[in-house]
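A structural walkthrough
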Amino acid sequence: MAHEKAEAITIRLTDFSETSQVAWFYTRECGRLSCLAKGAKRDRNNFEGRLDLLCHNQIVFARKKHSTLHILTECKLRDRFMGLRADVGRLYAALYAAELVREMTPEEEGQPEVFDLLLGTLRALSDDEQPDQVLLILEVRLLALAGFAPSLDVCAACGSAAQQEKSVRFSAALGGVVCSKCRGQDPKSVGVPSAALGVLGRLANGAVTPAATLTLPDRMLAVLRKLMKATYCHHLGHEPKLMRYV
Ligand SMILES: [Zn+2]
């Protein structure tokens, strides 16, 4: 078995047996990856103590040829993001970020921008940034990196140029703004101030990192988060488990 190194964030942990666990990582090098961590629940193990969720690690794993469950051989902790552990609201926000990354990314396909986005999100949440803003940045950018950036300049249904109005209709199901002729195609489309769409565009193209301090008015922030939540529910076909808490 070939041994490989990776920079990895723990996004899920489950028990495999009395002493072993399965760890799901999002890695910079190979994207979402699962490993069997033999003996991880023993006090003395090969992983510098217990594996924990939402940690930044340097790992070594033995790649299995005929299985996607590889064998974890080393796990060195780089950052535990202690700020997350001190506040349940921040912890839930971070777990939600990990859930979205897990749901929106294909297995074993490296996308360093997603890794950096998740790492930046955990750091910002741990460092006391406003959770709603951090999550909005993650939601919009992750959607764009997954290939579902919302259509903001042209109608998502017919492709005609969006009108310059104070408020436009946005459809989560159709994937962006909809013109007056097409809005009937989605009765759930909602009115959004045009200024909010400008913000959405900047977040989608990665111009804003999770650590940035946006000064969005509370109402605009609430409107945009609601739009993003509806968009994720539409794409995934279900509501992410942690969504109701964040
Ligand atoms: Zn249209």
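In the block above lies the structure referred to throughout.
This structure is a prediction, so every number in the text was calculated from the model and none was measured. (Residues numbered from 1 in each chain as written. Predicted model: local features only at pLDDT ≥ 70, side-chain atom pairs only at ≥ 80, totals over all residues. Heavy atoms only, no water.)

**Topic: the pattern of salt bridges**
Enumeration according to the criterion identifies 12 salt bridges in this entry. One salt-bridge network, in which partners are shared between bridges, spans E7, R28, R78 and D116. (Salt bridge = Lys/Arg side-chain N within 4 Å of Asp/Glu carboxyl O.)

**A few points about the environment of A6**
Within the element layout of this structure, A6 appears in strand β1 (residues 2-15). Taking relative accessible area as the criterion, A6 reaches 0% and is therefore assigned buried. Each C-alpha atom, one on A6 and one on F25, is 9.7 Å from the other, the two residues being 19 residues apart in sequence. For A6, the residues in contact, after removing those within four places along its chain, are T27, E29, N57, Q58, I59 and F61. (Helix = DSSP H or I, 4+ residues; strand = E, 2+ residues; numbered from the N terminus. Buried < 20%, exposed > 50% of the residue type's maximum accessible area, 1.4 Å probe, protein only. Contact = heavy atoms within 4.5 Å.)

**With respect to the state of the cysteines**
Under the criterion given, the structure shown has 0 disulfides. Lacking any disulfide linkage, C35 is separated from the closest cysteine sulfur, that of C30, by 8.7 Å. On the accessibility criterion, C35 (0% relative accessible area) is buried. (Disulfide = S-S within 2.5 Å.)

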